[in-house]
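Results of the structural survey
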Amino acid sequence: MTASNPRYTSGFPKIGIRPIVDRRKRVKAAIGDMTMELAQAAARLIAGQVRNPDGTPVEVVVFDTCISGMPEASRCAEQFRREGVGVILTVAAGWCYPLETMETDATLPHAIWGFNGTERPGAVYLAALHAAHNQKGLPAFKIYGRHIQEPDERNIPADVAGKILRFARAGLAVALLRGRSYLSIGTVSMGIAGCIVDEDFYRRYLGMKNAYVDMTEVTRRIESGIYDGEEYERALAWTQEHCKEGADPNEEEERIPADRKEENWANSVKMTLIVRDLMIGNPKLAEQGFEEEAYGYHAVASGFQGQREWTDHNPSADFLEAILCSSFDWNGTREPYMVATENDNLNAISMLFNHYLSHTAQIFADVRAYWSPEAVERVSGWQPEGAASGGFLHLINSGPAALDGTGEQQRDGQPVMKPHWEIEAAEVQACLSATSWRPTYMDQFAGGGYSTDFTTRGGMPVTMSRLNLIDGLGPVLQLAEGWTVELPPHVHDKLDLRTTPTWPTTWFVPRQLEGDPVFADVYGVMENWGSNHCAISYGHIGADLLTMAAMLRIPVNMHNVDPAHIFRPSAWSAFGTKDAESADYRACAAYGPLYK
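This report concerns the structure included in the present document. (Residues numbered from 1 in each chain as written. Predicted model: local features only at pLDDT ≥ 70, side-chain atom pairs only at ≥ 80, totals over all residues. Heavy atoms only, no water.)

Take the environment of Glu 263 next. Its location among the elements puts Glu 263 in helix 9 (residues 258-280). By relative accessible area, which is 48% here, Glu 263 ends up partly exposed. (Helix = DSSP H or I, 4+ residues; strand = E, 2+ residues; numbered from the N terminus. Buried < 20%, exposed > 50% of the residue type's maximum accessible area, 1.4 Å probe, protein only.)

Okay, here's the thing in structure tokens:
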């Protein structure tokens, strides 16, 4: 980590590996080297496949000796604290003494891999150690390979590797949240409860802080020129070249004059710079004499209230939200920012969860409507077929649908959304070319501005998720894996024109499960969705979300993940094995939030 990335100036959390071995002389001599080699193999696996948000490999720290008792365990814990370890994996090839070798920091996600070999009882140590964790209220993830291995094997079986990587990805995401902040710019938009910031949730479940700025601060910075003037000129030129204004949907007499439209473009670019600076700071402002404004709020996510106190007389925040949420701007490709429209902080956190697991930009959308096959045929004359034959959801919103959501990036000829370090210049241009910036409807946004207008390419595997707060219960996560679909152009137009056609559209079909009370059909997903908003991530990341939610003690009330891929702490099975969803609720309630 270098200081050139202002979002992570204190560095990224590391993953620590604890090799464990029996201290009896002959046993230690027999399997000490083997244990260390397995730990190093796990470190190579993780470093080779798990990335930090800037694309660099996650740093893995292997304790320099095998742990055989309390002295080494204490030294290891101290070293991990000094080096910023936020996730721990214990590796054992044989028996040791669980109570003397265990790690007891309840805030660090912890997994235990017991080597499955008959010569030395690594699996027995695994069972005893996870029993000790469970008895002491320190839930840990249990990793045990399906097949017996030979004692000279150092390869990691595919099933073990899969669990190690899922644990590492989810654990790193949890560690990345700790100590950061959510920035509210404004307050509640149009009575939407998702705008209400529950500080207790952020502190106790995520380990995060909250910061607040009134929208008048954006006005002050625009009027006083508190932004990098050189970057503004470059950003405006880039915007004029690449962000093409689309058709104005308003009646001629309601349209904003050309000179005011030019001013709106300029202010939209300034707003983008200012919100970014509020989130992460900008040392260039200190050079201009604005030392306090240069700090920022150490925010990994933010929201802009906008409607209506801002949008009734200023350009909408659609441009700033869409550009910041994308993986590129006038400075080239970079990690996307998580900025929620209408300051829906719960959707911002949903986007952040998805992003830290997938490293891709996110699509923020309204869950606008379920289109049944019968309704589609009645309105358009077309009978849905293929993936769309059971109907689909119309996901659409004015602002923070990242331009990556066009699906114009490609891998093996297929539409994708890539981590920013994989995106090529031609793909950036393709996303920009597929996007039209439409003047806003004046009856909705009287101050004008420009909305993102595109249609997502079909065939992409995606996961739709949402975090909800329920009185008497707390936070609950829900998700649906599925695919984007494309409709025939005349059908898209018929359906899209019935709502707000100047906004970006994603047609989505969740994976359906026969006999499932929610996922038996597409309507069930719409019926059971907990809010008007959702976050859409590229890839089927539902299993990783379930693992991360368990680490945070957030139950999941609906999902369509294959049960074979669900990975939670071993203690969850003690709360019931026949109904995993109910057991998840009971376990999360019993353990309480991660940061009590």
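From this point, the discussion proceeds with the structure in view.
Two orientations exist for strands paired in a sheet by backbone hydrogen bonds: parallel and antiparallel. What the five strands build is an open sheet, ordered 2-1-3-4-5; its pairing is parallel. Edge positions in the sheet fall to strand 2 (60-62) and strand 5 (141-143), since each has one partner strand and no second. Strand-to-strand, the axes of this sheet are offset by a mean angle of 20 degrees, without reference to chain direction. The sheet contact formed by strand 3 (residues 85-92) and strand 4 (residues 110-114) spans five bridges and is parallel. What sits directly across from Thr 90, in strand 4, is Ile 112. Along the sheet, helix 1 (residues 25-49) makes contact with strand 1 (14-20), strand 2, strand 3 and strand 4, crossing strand 1 at roughly 160 degrees. Contacts from helix 4 (residues 122-135) reach strand 1, strand 3, strand 4 and strand 5 within the one sheet, and its direction differs from that of strand 4 by about 155 degrees. (Pairing = 2+ DSSP bridges. Axes fitted to C-alpha atoms, helices over the stretch in contact; angles between N-to-C directions. Contact = heavy atoms within 4.5 Å.)

Inspection of the secondary structure assignment puts Ala 106 in the loop between helix 3 (98-101) and strand 4. Distance from Ala 106 to His 133, taken between C-alpha atoms, is 9.8 Å for residues 27 residues apart in sequence. If we skip the residues at most four places from it in the chain, Ala 106 touches Leu 138, Arg 553 and Leu 594.

Right, let's get into the sheet that holds strand 6 (residues 181-185). Strand order across the open sheet formed by four strands is 7-6-8-11, with parallel pairing between neighbours. Since the sheet does not close on itself, it has two edges, and those belong to strand 7 (209-213) and strand 11 (339-341), each with one partner. For this sheet the average axis-to-axis angle between neighbouring strands, irrespective of direction, equals 20 degrees. Each of strand 8 (299-304) and strand 11 is contacted by helix 11 (residues 318-325), which is oriented at about 145 degrees to strand 11, the strand it contacts most.

The buried fraction of strand 8 amounts to six of the six residues, a majority that puts the element mostly inside the structure. Here five bridges tie strand 6 to strand 8, and the two strands are oriented parallel to one another. Bridge pairing in strand 8 places Tyr 182 opposite Ala 301. Bridge count between strand 8 and strand 11: three bridges; the pairing is parallel. The residue of strand 11 that forms the bridge with Ser 302 is Val 339.

So, about the layout of surface pockets. Picture a little ball the size of a water molecule; that probe, rolled over the atoms, points out where space is still empty. Space inside the largest pocket adds up to approximately 600 Å³. Around the largest pocket, the lining comprises 20 residues; the ones closest to its centre are Lys 163, Pro 563, Ile 566, Phe 567 and Arg 568. Put simply, the parts of the chain that give the lining of the largest pocket at least two residues each are helix 5 (158-177) and helix 18 (580-591). Looking at the lining of the largest pocket residue by residue, the classes come out as eight nonpolar, seven polar and five charged. (1 Å grid on protein atoms, 1.4 Å probe; cavity = no way out; pocket = protein on both sides within 12 Å on 5 of 7 lines; lining within 4 Å. Points joined across faces, edges and corners; volume = space filled by probe spheres on them. Nonpolar A, V, L, I, M, F, W, Y, C, P; charged D, E, K, R; others polar.)

Cis peptide bonds are those with omega within 30 degrees of zero, and the linkage from Gln 307 to Arg 308 qualifies with -5 degrees. With respect to the helices, strands and loops of the structure, Arg 308 is situated in the loop between strand 8 and helix 11. Notably, Met 190 is not glycine yet its phi reads approximately 50 degrees, a positive angle. Among the structural elements, Met 190 can be located in the loop between strand 6 and helix 6 (199-206). A positive phi is found at His 359, a non-glycine position, where the angle reads about 60 degrees.

Once that is clear, we can look at the environment of Pro 563. Looking at where Pro 563 falls in the secondary structure, it is placed in the loop between strand 22 (556-558) and helix 18. The spacing of Pro 563 and Arg 438 is 125 residues in sequence and 44 Å in space, taken between C-alpha atoms.

Of the two faces of strand 17 (residues 450-453), the one holding Tyr 450 and Thr 452 and the one holding Ser 451 and Asp 453 are both buried throughout. Both strand 16 (residues 436-439) and strand 17 contribute to a ladder of four bridges, which runs antiparallel. Across the sheet, the residue bridging to Ser 436 is Asp 453, located in strand 17.

Now for the packing of helix 8 (residues 229-242) against helix 9. It is at 10 Å that the axes of helix 8 and helix 9 come closest, and there the two elements cross at 125 degrees. With respect to helix 9, the axis of helix 8 lies oblique. At the point where helix 8 passes helix 9, the crossing takes the right-handed sense. Side by side, helix 8 and helix 9 meet where Glu 231, Tyr 232, Ala 235, Leu 236, Thr 239 and Gln 240 of the first sit next to Glu 262, Trp 265, Ala 266, Val 269, Lys 270, Leu 273 and Arg 276 of the second. (Parallel < 35°, antiparallel > 145°, perpendicular 65-115°, else oblique. Left-handed = near helix turned anticlockwise from the far one by under 90°.)

What follows concerns a negative patch on the surface. On the surface, Glu 251, Glu 253, Glu 254 and Asp 443 cluster together into a patch of negative charge. Among the structural elements, Asp 443 can be located in the loop between strand 16 and strand 17. Judged by relative accessible area, which is 70%, Asp 443 ranks as exposed. (Patch = residues over 30% accessible without salt bridge, like charges linked within 9 Å, V, L, I, M, F, W, Y side chains within 5 Å. Areas by Shrake-Rupley, 256 points an atom, 1.4 Å probe, with all protein chains shown as cover. Salt bridge = Lys/Arg side-chain N within 4 Å of Asp/Glu carboxyl O. Lys, Arg positive; Asp, Glu negative; His and termini not counted. Charge placed at Lys NZ, Arg CZ, Asp CG, Glu CD.)

A complete count under the given rule lists 17 aromatic pairs for this structure. With a centroid separation of 5.7 Å and 65 degrees between ring planes, the pair formed by Tyr 370 and Tyr 523 is classed as edge-to-face. Pair noted here: Tyr 370 is in strand 12 (residues 362-371) and Tyr 523 is in helix 16 (residues 522-528), with a separation of 153 residues, a long-range link. For Tyr 370, a relative accessible area of 23% corresponds to the partly exposed category. The class for Tyr 523 is partly exposed, based on a relative accessible area of 42%. Taken together, Tyr 182, Phe 201, Tyr 202 and Tyr 205 form an aromatic cluster joined through their ring pairs. Between Arg 7 and the ring centre of Tyr 337, over which it is positioned, the NZ or CZ distance is 3.6 Å. In this structure, Arg 553 is placed above the aromatic ring of Tyr 591, and the distance from its NZ or CZ to the ring centre is 5.8 Å. (Phe/Tyr/Trp six-rings, centres within 6.5 Å; stacked < 30°, edge-to-face > 60°. Lys NZ or Arg CZ within 6 Å of the ring centre and 35° of its normal.)

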